[in-house]
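The residues making up each chain are set out below.
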Amino acid sequence: MSDIVDTVLERLVARQLLDYLSAADLLPNVQSAYRAHHSTETAVLRVLGDILRAVDSGDLAALALLDLSAAFNTVDHVTLLQQLPISYGLGGRVHDWFQSYLSGRFQFPVRCGGSSSTPTQLICGVPQGSVLGPILFLLYMADLLQLVRVHGLEPHRYADDTQIYGFCHPASCLELQNRISVCISDVAA
């Protein structure tokens, strides 16, 4: 019974959170997935449309695709909880609820038959298979979009996949290649 109540509560919080973020225009407009009317199709149309417009005007286009493996496991709870009030205005009781939601979670690193290793408390990652996990990941990764823009490139994300692309005059091809390389290095840092 508790699992059902937890799931219903999580869905209610997710709905309220998405409504708030949408009304306050706090969701990245280059994020497809986890939002109404934003799907793989909108991601493909956005990136392809931008590239085709550039090529039609005589520019070259370059595209790098990043797949952040196990990205949902990398969400640092402390960093996310710091971002919530600063970047999204989610303080007070709302912040306390998210802190409670993320804390006190454990995993069994190894389970074989009926035996399990000692449980380890999770300090990173969002709950797998949860309704809120993808939304919290989206909020956590919003700074990545700004990092890409600092390099004069365009980002677009679908779930945990990030597309980084840019355009240039054919004579500036090496400069664009360098900007993308530096950007990817900064993302990896």
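Enquirer: Before we move on, could you go through the pattern of salt bridges and cite the residues and values that matter?
Expert: One side chain can pair with another of opposite charge once the charged atoms of both are near each other. Tallied over the full model, the rule gives four salt bridges. The shortest N-O distance in the salt bridge between aspartate 50 and arginine 53 comes to 2.6 Å. One end of the pair, aspartate 50, and the other, arginine 53, are both in helix α2 (residues 40–56), three residues apart, so they sit about a helical turn from each other. The closest approach of N and O atoms between arginine 179 and glutamate 175, which form a salt bridge, is 2.8 Å. Pair noted here: arginine 179 and glutamate 175 are both in helix α7 (residues 173–188), with a separation of four residues, about one helical turn.

Enquirer: Any details on a nonpolar patch on the surface? Residues and values, ideally.
Expert: A surface patch of nonpolar side chains, about 290 Å² in accessible area, is lined by Ile4, Val8 and Leu12. Within the secondary structure layout, isoleucine 4 lies in helix α1 (residues 2–23).

Enquirer: Run through the packing of aromatic side chains, naming residues and quoting values.
Expert: The relation between two aromatic rings is expressed through the spacing of the ring centres and the mutual angle of the planes. Taken as a whole, this structure holds four aromatic pairs when the rule is applied. Their ring planes at 20° and their centres at 4.4 Å tell us that phenylalanine 72 and phenylalanine 137 sit as a pair that is stacked. Placement of phenylalanine 72 in the loop between β2 (60–67) and α3 (77–88) and of phenylalanine 137 in helix α5 (residues 132–140) is noted, with a sequence separation of 65 residues between them. Note on tyrosine 165 and phenylalanine 167: the rings are 5.7 Å apart at their centroids and 70° apart in plane angle, and the pair reads as edge-to-face. On the basis of relative accessible area, phenylalanine 167 is assigned to the partly exposed category, the value being 26%. Taken together, the aromatic side chains of Trp97, Phe98 and Tyr101 make up a single cluster linked through ring pairs. The ring of tyrosine 101 has arginine 105 lying over it, and the distance from NZ or CZ to the ring centre is 4.7 Å.

Enquirer: I'd love a proper account of the sheet that holds strand β1 (residues 31–32), names of residues and values included.
Expert: Pairing is mixed in the open sheet, where four strands are placed in the order β1-β7-β8-β2. Looking along the sheet, the strands with just one partner apiece sit at the ends: β1 and β2. Packing against the sheet, α2 makes contact with β1, β2, β7 (154–158) and β8 (161–168), and its axis sits at approximately 15° to β8.

Enquirer: Explain helix α4 (residues 92–102) to me, and be specific about the residues and the numbers.
Expert: For α4, the set of buried residues is His95, Phe98, Tyr101 and Leu102. All buried residues of α4 lie within an arc of 120° about the axis, which places them on one face of the element. Structural note: α4 exposes Gly92, Arg93 and Ser100 on the side pointing more than 90 degrees away from its buried face. Just beyond α4, the residue with positive phi is glycine 104, at close to 70°.

Conventions used here
One numbering rule holds for all chains: residues counted from 1, following each sequence as written. Under the rules for a predicted model, residues below a pLDDT of 70 receive no local features and side-chain atom pairs below 80 are neither given nor counted, while totals for whole chains, interfaces and linings still include all residues. The side-chain figures draw on all heavy atoms in the structure; neither hydrogens nor water molecules are used. Note on definitions: salt bridges are taken to be side-chain nitrogens of Lys or Arg within 4 Å of carboxyl oxygens of Asp or Glu. A helix here means a DSSP run of H or I that spans at least four residues, while a strand means a run of E at least two residues long, and both kinds are numbered starting from the N terminus. The residues that make up patches have over 30% relative accessible area and no salt bridge, and they are joined within 9 Å when like-charged or within 5 Å when they are Val, Leu, Ile, Met, Phe, Trp or Tyr. In these tables, accessible area is a Shrake-Rupley quantity obtained with a 1.4 Å probe, and a residue counts as shielded only by the protein chains included in the view. Put simply, two rings from Phe, Tyr or Trp (the six-membered ring, in Trp's case) pair if the centres are within 6.5 Å, and we call them stacked under 30 degrees between planes, edge-to-face over 60, tilted for the rest. Classification of residues uses two cut-offs on accessible area relative to the type maximum, computed with a 1.4 Å probe and protein chains only: under 20% is buried, over 50% is exposed, and between them is partly exposed. Remark: a charge is flagged as sitting over a ring if the NZ atom of Lys or the CZ atom of Arg is within 6 Å of the ring centre and within 35 degrees of the ring normal. Here the rule is simple: two strands pair whenever DSSP picks up at least two bridges between them. Residues are treated as being in contact if the distance between any of their heavy atoms lies within 4.5 Å. In this description, a line fitted to the C-alpha atoms serves as the axis of each element, helices being fitted only across the stretch in contact, and the angle between N-to-C directions of two axes falls anywhere from 0 to 180 degrees. Relevant arc is that of directions from the helix axis to the C-beta atoms, nothing else.

Take it as geometry only, folks, not as evidence of what the structure does.
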